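The lines below spell out each chain.
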Amino acid sequence: MSDLPFDVPTDLFIAGQWRPSSNGQRIDVIDPSTERVIASVANATVEEALEAVDAAAAAAAAWAATPARQRGEILRRAFDLMVRDSEQLAELISLENGKALADARGEVAYAAEFFRWFSEEAVRINGDLSTSPSGSARIMVQYQPVGVSFLVTPWNFPAAMATRKIAPALAAGCTCILKPATETPLTAYAVASLLAEAGVPDGVVNVVTTSTAGKIANAVLDDPRVRKLSFTGSTEVGRVLLRKAADQVVNCSMELGGNAPFIVFDDADLDVAVEGAMVAKMRNGGEACTAANRFYVQRGIADAFSQRLAERMGALKVDEGRLATTHCGPLVNASSVSKVASLVDDAVTKGARILTGGKRIERAGYFYEPTVLMNVPASATLLQEEIFGPVAPIMVFDEESEAITQANDTEYGLVAYVFTRDLARALRVSENVESGMVAINRGLVSDPAAPFGGVKQSGLGREGAHHGLLEFMESKYISVNW
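Procedures and definitions
Residues numbered from 1 in each chain as written. Predicted model: local features only at pLDDT ≥ 70, side-chain atom pairs only at ≥ 80, totals over all residues. Heavy atoms only, no water. Helix = DSSP H or I, 4+ residues; strand = E, 2+ residues; numbered from the N terminus. Buried < 20%, exposed > 50% of the residue type's maximum accessible area, 1.4 Å probe, protein only. Domains from an automatic or database assignment. Contact = heavy atoms within 4.5 Å. Buried area = accessible area lost by both parts, 1.4 Å probe. 1 Å grid on protein atoms, 1.4 Å probe; cavity = no way out; pocket = protein on both sides within 12 Å on 5 of 7 lines; lining within 4 Å. Points joined across faces, edges and corners; volume = space filled by probe spheres on them. Nonpolar A, V, L, I, M, F, W, Y, C, P; charged D, E, K, R; others polar. Pairing = 2+ DSSP bridges. Axes fitted to C-alpha atoms, helices over the stretch in contact; angles between N-to-C directions. Parallel < 35°, antiparallel > 145°, perpendicular 65-115°, else oblique. Left-handed = near helix turned anticlockwise from the far one by under 90°. UniProt positions renumbered as here; feature names shortened; annotations may be inferred. Arc of directions from axis to C-beta. Patch = residues over 30% accessible without salt bridge, like charges linked within 9 Å, V, L, I, M, F, W, Y side chains within 5 Å. Areas by Shrake-Rupley, 256 points an atom, 1.4 Å probe, with all protein chains shown as cover. Salt bridge = Lys/Arg side-chain N within 4 Å of Asp/Glu carboxyl O.

*Asks:* Mind showing me how you'd approach unusual backbone geometry here?
*Replies:* Glycine aside, the phi torsion of most residues is negative, and most peptide linkages are trans. Non-glycine residue Phe388 carries a positive phi angle of around 55 degrees. As for its placement among the helices and strands, Phe388 is situated in the loop between β15 (371-374) and β16 (391-397). Phe388 gets classed as buried once you look at its relative accessible area, which sits at 18%. Although it is not a glycine, Asn441 sits at a positive phi angle of roughly 55 degrees. Mapped onto the elements, Asn441 comes out in the loop between β18 (437-440) and β19 (459-460).

Shown next, in the form of structure tokens:
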């Protein structure tokens, strides 16, 4: 534990108690920068996951009845505590995730904002009152907590993905069971510890880590007391969970994969476009569902944009995430490096030209060079799949309609990026591109006050904004005549 920036709990968190798994098994946590084991966490059994459901169910009625202002004040205290411990949390994320310390600091600030945002939304659960068109009755609509919620989060943003789900669940009056990814469980336990310190009652938030995620998910979703599933992860796993959730008709929110197009028109400000590309591509080293995955650049600006982007990417310092001088840390594990290498090799074999990077970095840790590929053919596999790494493939287009057609040629629809000085064009393209979010002349869309989510096979529902609160509520219609 000496490698950790502070004393992080590593046991299961159930009913307000830290407890080891009954089977005595542990899950090693690996630093992707060095491949060293930095800690181990409890490996929950199915029975322990169901005990977490017991705890959440037992606490549900009292938490739902807790005044909204009180729930909001607890969330606000959690925000203050995350800000207090922000540097330690950033160092922890860098250690277990590998991301550059600057990125980790940004994540902690973003994650904390969900506690602050939903502390304010907790007191804004408004209903509706109207008169039926016939005049025979009043239509009253009120919102109630959906119930016990199962939250499943990925490894790439271990703090933000946890708070983006926990905060609206608690604001709505729901209790929850969080199952974080085994690659990055320490951050989830650190967040749970802060929530307990903030005053969250026992059983309202429970955290279990497991190496048998499928068995745990099946058991939890089979329990009729569990009424909500909120999942962030791959589309493949999302499909499996949706099928399982159907057995009990569980309310589902799914934030799944992305294949974001980044469209640059000839009239774009080149400096703004390149800077936006660096943010959209290299946030978390490209390991983000919002990462720009396909760059479509109009012919008149294509050479200048490609050269400038290659210069910027090639100048990035790749090193251990925890070092202040690092721009790009490692990928999360060995299989991620192998996947990225395979995608780049496939594109080059099919005719793509390497402008910078293009290979693994031979050293301890899971490193791959920041890479820019030019003239990537449509047959390249990396145009159909999430790259999830520091690779920018560039294609050239001529007409606006061509860019829109190519951008929409994917099963995904999470986010798109559009760069142009022509506002009418920007809005026209935004309306025609098939995505849940669009960024115009900027490389970042995520904001706790905005509805985050996609269309097509990028997911169901929205996180953040007031929309994120309603995902954890059911509307109840009451017909009355006075």
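Back to the text.
*Asks:* Just checking my understanding: could you explain the domain arrangement of the chain for this structure?
*Replies:* Many descriptions give the size of an interface as the accessible area lost when the pieces come together. Split by domain assignment, the chain resolves into domain 1 (12-256 + 458-480) and domain 2 (260-440). Once you take the C-alpha centre of each, domain 1 and domain 2 turn out to be 31 Å apart. Contact with domain 1, which involves 25 residues of that partner, is made by 30 residues of domain 2. Regarding the contact of domain 1 and domain 2, the summed buried area is about 2,100 Å², with carbon and sulfur atoms giving 53% of it.

*Asks:* Help me out: how do you make sense of the layout of surface pockets in this one?
*Replies:* Empty space left among the atoms is revealed by rolling a probe the size of a water molecule over them. The volume enclosed by the second largest pocket comes to roughly 260 Å³. Secondary structure elements with two or more residues in the lining of the second largest pocket: α4 (101-121) and α9 (270-282). With 4 residues, α9 is the largest single contributor of residues to the lining of the second largest pocket. Class assignment for the residues of the lining of the second largest pocket results in 7 nonpolar, 3 polar and 4 charged. Each of domain 1 (12-256 + 458-480) and domain 2 (260-440) contributes no fewer than three residues to the lining of the second largest pocket.

*Asks:* Is there a simple way to explain the sheet that holds strand β14 (residues 353-356) in this structure?
*Replies:* Adjacent strands of a sheet form backbone hydrogen bonds with each other and so pair up, either parallel or antiparallel. An order of β14-β15-β16-β13-β12-β17-β18 is seen for the 7 strands of this open sheet, with the pairing classed as mixed. Both edges of this open sheet fall to β14 and β18, since each of them pairs with a single strand only. Averaged over all pairs of adjacent strands, the angle between strand axes in this sheet comes to 25 degrees, irrespective of strand direction. When β15 meets β16, the two strands line up parallel, connected through 3 bridges. What sits directly across from Val372, in β16, is Ala392. On top of the sheet, helix α10 (residues 299-314) reaches β12 (260-264), β13 (292-298), β14, β15 and β16; it is set at about 140 degrees to β13, its chief contact. Packing against the sheet, helix α11 (residues 334-349) makes contact with β14, β15 and β16, and its axis sits at approximately 25 degrees to β15.

*Asks:* Sorry if this is basic, but what is going on with the packing of helix α3 (residues 86-97) against α4 here?
*Replies:* Helix packing for two helices is described by the angle between their axes and how far apart those axes are. At a closest axis distance of 8 Å, the pairing of α3 and α4 adopts a crossing angle of 125 degrees. Comparing their axes, α4 and α3 come out oblique. Read as a crossing pair, α3 and α4 show a hand that is right-handed. Residues Ser86, Glu87, Leu89, Ala90, Glu91, Ile93 and Ser94 of α3 touch α4, and the partners they reach there are Leu101, Ala104, Arg105, Glu107 and Val108.

*Asks:* Which parts of the structure should I look at to understand the UniProt feature "domain: Aldehyde dehydrogenase" (unreviewed entry) in the chain?
*Replies:* Residues annotated in UniProt with the feature "domain: Aldehyde dehydrogenase" (unreviewed entry) correspond here to residues 18-478. As a span, residues 18-478 carries 41% helix and 21% strand, and end to end its C-alpha atoms are 42 Å apart.

*Asks:* Where do I start with the packing of helix α7 (residues 213-222) against helix α8 (residues 235-245) in this structure?
*Replies:* Look at α7 against α8: their axes get within 10 Å of each other, and the N-to-C directions meet at 30 degrees. Classified by the interaxial angle, the pair formed by α7 and α8 is roughly parallel. Between α7 and α8 the crossing geometry is right-handed. Contact with α7, carried on its side by Ala217, Asn218, Leu221 and Asp222, involves Leu241, Lys244 and Ala245 of α8 and no other residues of that element.

*Asks:* For this particular structure, what's the right way to read the pairing of strand β5 (residues 128-131)?
*Replies:* Consecutive side chains of a regular strand alternate in pointing toward one face of the sheet and then the other. Sheet topology note: the β5/strand β6 (residues 138-145) ladder contains 4 bridges and is antiparallel. Within β6, the residue paired with Asp128 across the bridge is Val141. The turn joining β5 and β6, which pair antiparallel and follow one another in sequence, is formed by 6 residues; a positive phi near 80 degrees is taken by Gly135.

*Asks:* What should I look at first to understand helix α12 (residues 400-407) in this one?
*Replies:* Residues that lie three or four places apart on an α-helix share one face, since the helix turns once every 3.6 residues. Every buried residue belonging to α12 is among Glu400, Ala403, Ile404 and Ala407, and all of these are buried. Looking straight down α12, one finds its buried side chains confined to an arc of 95 degrees; they lie on one side. Turned more than 90 degrees away from the buried face of α12 sit Ser401 and Thr405, all of them exposed.

*Asks:* When you look at a nonpolar patch on the surface in this model, what are you seeing that I'm missing?
*Replies:* A surface patch of nonpolar side chains, amounting to about 420 Å² of accessible area, comprises Leu129, Met140, Ile478 and Trp482. On the secondary structure map, Met140 appears in strand β6.

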